[in-house]
Every structure is written in structure tokens, then in C-alpha cells.
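Coordinate inspection notes
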Amino acid sequence: MTRVTRWLVAVAAVAVLGVFAFPLWRVTLEAPQYPEGIGMLIHVDGVSGVNEHDLNNINGLNHYIGMARIEPDAIPELKFMPWIAGVMVVTGLLVAARGSRRLCIVWATLMLATLAAGVYDFWRWEYDYGHNLNPDAAIRIPGLSYQPPLFGSKQILNFVAHSYPAAGGWLLISAGSIIGSVLVYLLFGFRAAKRSARRTTGLVSTVAVPGMAVILLASCGTVGPRPLVAGTDECAKCRMMITDPRFGAEVITRTGRIQTFDAVECLASYVAAADSAAIHSIWVQDFEHAGTWIAAEQAVFITGAAVASPMGRSLLALAPGATPSAAVARYGGRATDWRALVSSAHGDMHAETGDASAGAVGGATDAH
């Protein structure tokens, strides 16, 4: 083994330590009755709710459709997974210290097989929970299963289930990427690299770069806006289907959940009423460049433009390089910024509350 491969094995082993500090996987459920979603986090030694009561709520929903309760103490894998992770770390560091090529090949092969077995076991666990249903459940739909996706999103009744790696999972993926790259190098590239005067450079470019790229991706820990799908995505505020993504927007919460909107005015109303501490970032579509996202705080907004928008206020967003006066000359209306839009939405909310209160007082007076 070269010095670089030994360091890479050590880095992979240390990355596995992250599973003791961060959850491995996140499964969330979104539905009209749960607009903020409910979810659970799978740890190396347990299962918990994303929020305090989420796991109990999920178990309550599962009861109605016949799924078993998720009881962490009844899942045997959670008892020995910490030991497996610990062995991976210790043996990896020992292999890196020893520097034996053959020993590293054996270790890397066993580690990749262990990671693959873990992925399969997780899929099988989801399959059992989604298919082995209580025949006496309150809700029974013949032929329908409730297995969430292993990776990605899936519609289940009126819920959308999302399943993605959490920080610990990304660290395991990073470690697996590095281990796999080292194994390929030791099996197929080692002899050629020994004959090359630039073997260290070649190793770093072909082995270290892919693995470290995944680690950098994991370390970011945040998700960016995703493309809007017309005719499929719906607005988190008004529940209308998104038909023209040019007016669309998204909010990314601190937990990584993405809320979609069909219009900027719906976005502003949602943000005005939301807990700002729960919001990670806010994004709007560049009206002039379809599919291009802009941070809401940086965008130039035109309200009352001579363009029909989904909610009727003719409100559109432009890239920060747009000159407000030129944009107004092109689209009409007037230019404004994100802070003013949210402030206006706050004002509208208070006005509606005031009107409702006045109506209630007036009704009470008339009754007397």
C-alpha cells in the first residue's frame, strides 16, 4: 500500500465514526392533514421522531392501515449495528497502520459486503412493515402495500413518503465510496501505478477525488431547490396545482423538507405566517429564465405587471442583475423587494384578522 491509500483507508474508517453522532436515515410523510410533515430518524442504535411526537403519530397512522408499531427495542439490528460500526472503525485503522495490500483487499471486500448487506436489510425491514398487515385493520385495500421507498419519494394513499440518507448515512456512503475506490486501485491499478512516475497524482485523481467529493457533499448537509413539476406539484399555501413554474417558488425547511408554491404571493403569505427559525432558505423562479432559481432575498420583484399570474396579482421575480426601472418599462407595474412583499403579507393578515374581529363585534352589537 502507498502512503495515499493508507491515509484514504484511515479517512474512511474515521468517517464511519459519524454514525454514532448523526442519524443514518430520514423517512418523512407529507399529507394535507400534516402540511409540515411528520417523520422518523433511524440511528445506528435506535429510531426516533423528527419532532417530539412524530413517532407516536406514525404508529397511530400505521395502526389504522394494519402496519405493526415501530418499536426500536423489537428491532434486533439496532442492538448489533453499533458493534459492527465499531469493528469497521478499529479494523480500518489497523489496516491503515499495517499497510498490507492483501490485508487491505480482504478488509475492503468485507466492508463493502457489510454495507451492501445493511442496505438490503433496511429494504427488507421496510418491505416487512409495508406488506405484513393486520387483516383486522380499520382500513384495508386489497392488493395495496405501504412500503416506503428505499431512496426517493412515493405516493401512498394521500401521503407522500420521502426516504433519504441523513448525515450519518452520507458519511457511510462517503466511506463506501473511498473503500470501493481503494479496492479497485489495489486490484487493477496498483501494478500500473508502480510503473508510473506519477502514481501518487494518478491515485489521488482516480481514488481520492470521488471519495472526497462525496464527503464534501455529505458535509454540506443541506438540500437545494428542486425542479418544479407542472401538473404534479401543488402549492403548500393554496393547494392549487402548479401549472406555470415560471411563477413558482420553494421553501426549504431546517429539516430538509421542500414546500412548493404556485405563485410568489402564496410564498410571501406562507413565510409571513411561518416560524422563521424553521426555514432554511427561500427560492423563487427567474421569470425570464425557466428553471433558474434565485434566493428570494436577492431577487427583483415586479408587482402589477402586464402578465397574467396564477393568483391574479401579476407578481413575478427576476434575477438580481435586472435593473428595476428597465424591468418596469418591460413588464409594467412597479418594482419591489422580498422584505417589502413579506411585510405586505403581514399587513394583509392583520387586516383580515381585524375585519373578522370587527364583524364579530358588529354581530354581537346587533344581537343586543
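Quick caveat: nothing in here was measured; it's all calculated off a predicted structure.

Rules and cut-offs
Residues numbered from 1 in each chain as written. Predicted model: local features only at pLDDT ≥ 70, side-chain atom pairs only at ≥ 80, totals over all residues. Heavy atoms only, no water. Salt bridge = Lys/Arg side-chain N within 4 Å of Asp/Glu carboxyl O. Helix = DSSP H or I, 4+ residues; strand = E, 2+ residues; numbered from the N terminus. Buried < 20%, exposed > 50% of the residue type's maximum accessible area, 1.4 Å probe, protein only. Pairing = 2+ DSSP bridges. Axes fitted to C-alpha atoms, helices over the stretch in contact; angles between N-to-C directions. Contact = heavy atoms within 4.5 Å. Expected span 1.5 Å × (residues − 1). Polar contact = N/O pair within 3.5 Å; in protein donor to acceptor, adjacent residues only side chain to side chain. Core = buried A, V, L, I, M, F, W, Y, C linked by side-chain atoms within 4.5 Å. Phe/Tyr/Trp six-rings, centres within 6.5 Å; stacked < 30°, edge-to-face > 60°. pLDDT = per-residue confidence, 0-100. Patch = residues over 30% accessible without salt bridge, like charges linked within 9 Å, V, L, I, M, F, W, Y side chains within 5 Å. Areas by Shrake-Rupley, 256 points an atom, 1.4 Å probe, with all protein chains shown as cover.

This model, assessed by the stated rule, comprises 9 salt bridges. In this structure, the salt-bridge partner of Arg124 is Glu77, at a minimum N-O distance of 3.3 Å. Here Arg124, found in helix 4 (residues 101–131), pairs with Glu77, found in helix 3 (residues 77–98); they are 47 residues apart in sequence, far enough to count as distant. Here Arg124 falls in the partly exposed class, since its relative accessible area comes to 31%. Look at Glu77 and you get buried, because its relative accessible area is 12%. Linking Asp128 and Arg124 is a salt bridge whose minimum nitrogen-to-oxygen distance equals 3.2 Å. Of this pair, Asp128 and Arg124 both sit in helix 4, separated by 4 residues, roughly a single helical turn. Overall, the relative accessible area of 28% leaves Asp128 in the partly exposed class. Residues joined in a network through salt bridges with shared partners are Glu77, Asp121, Arg124 and Asp128.

Spatially, the 4 strands line up as an open sheet ordered 7-6-8-9, and their pairing is antiparallel. Since the sheet does not close on itself, it has two edges, and those belong to strand 7 (258–261) and strand 9 (293–295), each with one partner. Geometrically, the sheet is characterised by an average inter-axis angle of 25° between neighbouring strands, direction not taken into account. As judged from the 4 bridges shared by strand 6 (residues 249–253) and strand 7, these two strands associate in the antiparallel manner. Each bridged residue has a counterpart across the sheet, and for Glu250 the counterpart in strand 7 is Thr260. The strands that helix 7 (residues 264–273) touches are strand 6, strand 7 and strand 8 (279–285); relative to strand 8, the one it contacts most, it runs at about 165°.

Moving on, we get to helix 4. For helix 4, with 31 residues, the first-to-last C-alpha span of 45 Å sits near the 45 Å given by 1.5 Å per residue. Taken together, the buried positions of helix 4 are occupied by Cys104, Ile105, Trp107, Ala108, Met111, Leu115, Phe122, Trp125, Glu126, Tyr129 and Gly130. The residue sitting at the N-terminus of helix 4 and contributing the capping side-chain oxygen is Ser100; that oxygen lies 3.2 Å from the backbone nitrogen of Leu103.

This brings us to the nonpolar core. Judged by nonpolar contacts, the single largest core of 28 residues is most densely connected at Val9, Cys104, Trp107 and Val182. Elements with a contribution of two residues or more to this core: helix 1 (3–16), helix 3, helix 4 and helix 5 (167–195). A total of 7 residues in this core trace back to one element, the largest contributor, which is helix 5. Filtering out sequence-adjacent residues up to four positions away, Cys104 remains in contact with Met1, Val9, Val95, Val182 and Leu186.

Turning our eyes to something else, we now look at the sheet that holds strand 11 (residues 316–318). Pairing between sheet strands relies on hydrogen bonds along the backbone, with the strands arranged either parallel or antiparallel. Pairing in this open sheet of 3 strands is antiparallel, and the strands run 11-10-12 from one edge to the other. Whereas interior strands pair on both sides, the edge strands pair on one side only; in this sheet they are strand 11 and strand 12 (334–336). Shown here is a sheet whose adjacent strand axes are inclined to one another by a mean of 35°, direction ignored. Lying on the sheet, helix 8 (residues 324–331) is in contact with strand 10 (300–303), strand 11 and strand 12; it crosses strand 10 at an angle near 35°.

This part is about the packing of aromatic side chains. Tallying each qualifying case throughout the model produces 10 aromatic pairs. Seen from their ring centres, Phe301 and Trp338 are 5.9 Å apart, and the 35° between their planes marks the pair as tilted. Of this pair, Phe301 sits in strand 10 while Trp338 is found in helix 9 (residues 338–367), placing the two residues 37 residues apart along the sequence. The burial state of Phe301 is the same as that of Trp338; both residues are buried.

What follows covers the confidence of the model for the protein chain. Put simply, the protein chain has an average pLDDT of 82, and 85% of its residues get 70 or more. Low pLDDT (under 50) marks residues 214–222, which in the prediction has 12 contacts with non-local residues, meaning those over four places away or in another chain. Throughout residues 356–368 the model reports pLDDT below 50, and contacts reaching past four residues in sequence, or to other chains, amount to 0 contacts.

Together, Tyr64, Ile139, Ile141, Leu144 and Leu157 give the surface a local cluster of nonpolar side chains, amounting to about 420 Å² of exposed area. Relative to the elements of secondary structure, Tyr64 occurs in helix 2 (residues 54–65). A relative accessible area of 48% places Tyr64 in the partly exposed class.

Every regular strand shows the same layout, with side chains that alternate between the two sheet faces. Within strand 5 (residues 159–165), 5 of the 7 residues are buried, which leaves the element mostly enclosed by the surrounding structure. As judged from the 6 bridges shared by strand 1 (residues 25–31) and strand 5, these two strands associate in the antiparallel manner. Among the inter-strand pairings, Thr28 is bridged to a residue of strand 5, identified as His162. Here strand 4 (residues 152–156) pairs with strand 5 via 5 bridges, running antiparallel. Its bridge partner being in strand 5, Gly152 is matched across the sheet by Ser163. The antiparallel pairing of strand 4 with strand 5 creates a hairpin that spans 2 residues between the two strands, and Leu157 there sits at a positive phi of about 55°.

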